[in-house]
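# A look at the structure
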Amino acid sequence: MLRVITTLLLLSIVNIAGAADTIDSVLKQYVRPIIPATGLQDPSKPGEYKFKTMEYGQSKTFSFSKPDILTPTISLPDFLADYSRNQKYTDDAYHKFDSSSLGLDAKVWTPIGKGPFPLAFLVHGNSDPGFDYLAELLVSRGYIVAQIDQTYLNGLWGENGARGWILLEHLKLWRNWNREVDSEFYQKVDMERIALIGMSRGGEAVALAAAFNQWQKIPGLDEPTNFNFSIKAVAALAPMDGQYMHAGGANVIKNVNYMVLQGGHDADVYQYLGSRQWQRTHFDDGKDHIKLAIYIYRANHINFNQDMSGAFNFGQRGDFDLHLLSPAQQEHLTKVFVSAFLEDSLFERVEHRALLLHPSTREFGLPEDIYISRYKTSNFDVIEDFESGFDKVSVPTNNSNNPPKPMPIEVVAERLRNGTKTANDVLDIKLEKGVKTHVRFKLSKPSIDKKVKSGHFNLQFSLARADSGEATMNPYNLLSDAKIALLADSTVIHNQALGSAGTVSPLLLSDYSELESDDFKYPVTEPVLQTFSVPIKLENFDERAINIDKDLELDLIFLPNQDVHIILDDIGAF
């Protein structure tokens, strides 16, 4: 079937006077969900370990102090050393930089205790390192933490591949130190539990490192990489994406847990680029994995990094940041999410997923805001993701005055700010006030049929508002006017309202006017997909009455009390 792609949605914005009023207007439209308490201990609470710090690296010119451990320099392989030249970069291209003697420099926090302890790297972007707040939390909870210094790559372009490769050279140091009897880290490091955490360009670097780590040979050379580290988790804070591209295309992560945090008022990486790497994270090893993306409406870019946060450290930004989360608030939520993610990923404490999938401001001191969580686990079984047409989908509509009729639907590319297309396709639907719309899917996979026939499973889907911004300013949750139905031989065997499944966020508008110039204007929004999970329990269900070959259907039914434009994706079950 021919796929029809919509033209760029031009977003016309309500006339709102300034960033503070824009934020206030969006928050007033949000119906805050009722989320049960998890009962978990606060993952941002410091642990019991005391710690010590040290540094390793090269002696610095004009410095009176030397690092505690002197480390060798490394050279980049040619495919990275020549990357920016091959991409035709000219300004600030890093192939002009001497890549034959790069330092391996870091500050280390070590718990005082026997160990072994898991190892976590913290990696900056085009800035100085500024994650002491995360390091001090993690070391107190029993992690060895290395804050990597790659400032010699700042101010360049095309260098993110180098940033990622250098992280793996750091891991080689740690592997050796853990094996050497005379090393202070001898048998102190749990090299089976490694996490990489990066921000901005460092956020792309940690994802690239996870991919490079699985390479067996250096491109262009018949030499082994000698990597193959046990990287269990990658966390990216407001990451770049696509500054470095592999010869075979965009970066793919396989069988590694991935989390991205993104602020809705990021004035640097202002597009949700981490959502693209989220899409390109896949699981096929039969183990338990998760990938998640958390969008924080009032977060910005600079407050993830202590060295950047606040106008004092990052130039004059007018009153823009005053309307957002404070540096302390953003650091706190980062500690909550990163710590919980590592508990899940490195120690298989899956109970921490509850706070990641459904963040609640009623627990853990999370600041009041809109949190949009998008997620998939490795046991997710797709019903429809719209990547290969939509022949399994039908969308009839009806109201009280007219018989049901087919409704035109479009599969379109998911878009970021500025209308930038992603490689992900979604279903685009314009719902009309008072008109019942059915979005129906055939359940033709045996694995899905088996879940349904068990009588108890979880339905999952992702949805976002994609309105123009001109809708009513009253609070509204679309799911309060939605339900699902399961059909067998066109007969409804189960109905369930969706109002308790969560809250569909309003369109998340951002006013950047205080930062704009005549030469550059920020796009004001992008639809942000949010994942909803619905437990299904079929009562008085006779599985023998169902023909599992062709007769099962899932029906999503909307009857909105206002016109609503939505995108829909990743319908599945687990």
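Residue numbering note: each chain is counted from 1, following its sequence as written. Since the coordinates come from a predicted model, pLDDT governs what is reported: local features require at least 70, and pairs of side-chain atoms require 80 or more to be given and counted, while whole-chain, interface and lining totals use all residues. Calculation of side-chain values draws on the structure's entire complement of heavy atoms; hydrogens and water are dropped beforehand.

### Looking at the layout of surface pockets
Throughout, the protein atoms alone are placed on a 1 Å grid, and a set of points is a cavity if a 1.4 Å probe fits but cannot get out or a pocket if it is open with protein on both sides within 12 Å along at least five of seven lines; lining residues have an atom within 4 Å of a point. Grid points are joined across faces, edges and corners, and a volume is the space filled by probe spheres set on the points. Volume-wise, the largest pocket comes out at about 620 Å³. Lining of the largest pocket is provided by 33 residues; of these, Ile34, Ile35, His358, Ala501 and Gly502 occupy positions nearest its centre. The numbering of helices and of strands both runs from the N terminus, where a helix is a DSSP run of H or I of at least 4 residues and a strand a run of E of at least 2. Those elements that place two or more of their residues in the lining of the largest pocket are α9 (353–357), β12 (371–377), β22 (491–497) and β23 (530–537). Tallying contributions element by element places β23 first for the lining of the largest pocket, with six residues. Residue classes follow a fixed rule: Ala, Val, Leu, Ile, Met, Phe, Trp, Tyr, Cys and Pro count as nonpolar, while Asp, Glu, Lys and Arg count as charged, and any other residue, Gly among them, counts as polar. Residues belonging to the lining of the largest pocket are distributed by class as follows: 16 nonpolar, 14 polar and three charged. Estimated volume of the second largest pocket: approximately 520 Å³. Residue lining of the second largest pocket: 24 residues in total, with Lys232, Asn255, Asp285, Lys287 and His289 positioned closest to the centre. Those elements that place two or more of their residues in the lining of the second largest pocket are β7 (231–237) and α8 (327–347).

### As for empty space enclosed by the protein
In this structure the tally under the stated criterion is four cavities of 30 Å³ or more. A volume near 80 Å³ is recorded for the second largest cavity. Class assignment of the residues belonging to the lining of the second largest cavity gives a composition of eight nonpolar, two polar and two charged.

### Let's talk about the nonpolar core
Buried Ala, Val, Leu, Ile, Met, Phe, Trp, Tyr and Cys residues that are joined via side-chain atoms within 4.5 Å together make up what is termed a nonpolar core. The classification of residues rests on relative accessible area computed with a 1.4 Å probe and restricted to protein chains. Under 20% of the type maximum is buried, over 50% is exposed, and intermediate values are partly exposed. In this structure, Tyr56, Leu76, Phe121, Trp174 and Ile231 are the most contacted members of the largest nonpolar core, which totals 78 residues. The greatest single-element share of this core, amounting to nine residues, is contributed by helix α5 (residues 160–179). One finds Ala195, Phe304, Val336 and Phe341 within the second-largest nonpolar core, a separate group that totals 45 residues.

### Looking at the sheet that holds strand β3 (residues 105–111)
Taking strand neighbours across the sheet as the criterion, the 10 strands line up as β2-β1-β3-β5-β4-β6-β7-β9-β11-β12 in an open arrangement whose pairing is mixed. Edge positions in the sheet fall to β2 (69–70) and β12, since each has one partner strand and no second. Only strands that DSSP links by at least two bridges are regarded as paired with each other. One ladder, built from six bridges, connects strand β1 (residues 51–57) with β3; its direction is antiparallel. Residue pairing for β3: Met54 is matched across the bridge by Val108. Of the strands in this sheet, β1, β3, β4 (117–123), β5 (144–149) and β6 (189–199) are in contact with helix α4 (residues 132–140), which crosses β3 at around 30°. Whether two residues are in contact is decided by their heavy atoms, any of which lying within 4.5 Å being enough. Between N-to-C directions, angles span 0 to 180 degrees; the directions come from axes that are lines fitted to C-alpha atoms, helices contributing only their stretch in contact. Lying on the sheet, helix α6 (residues 201–212) is in contact with β4, β6 and β7; it crosses β6 at an angle near 145°.

### Observations concerning the pairing of β22
Here strand β21 (residues 482–488) pairs with β22 via six bridges, running antiparallel. By the bridge assignment, Leu486 is partnered in β22 with His494. Between β21 and β22, which pair antiparallel one after the other, the connecting turn spans two residues, and Asp489 there sits at a positive phi close to 55°.

### Notes on the environment of Asp555
Within the secondary structure, Asp555 is located in strand β24 (residues 552–558). Here Asp555 falls in the buried class, since its relative accessible area comes to 2%. For the pair Asp555 and Ala485, spaced 70 residues apart in sequence, the C-alpha separation works out to 5.0 Å. If we skip the residues at most four places from it in the chain, Asp555 touches His438, Val439, Arg440, Lys483, Ile484, Ala485 and Leu487. Side-chain atoms alone can form a polar contact between residues adjacent in sequence; in general such a contact is a pair of N or O atoms within 3.5 Å, and within protein one must be able to donate a hydrogen while the other accepts it. In this structure the side chain of Asp555 is engaged in a polar contact, spanning 2.7 Å, whose partner is the side chain of His438.

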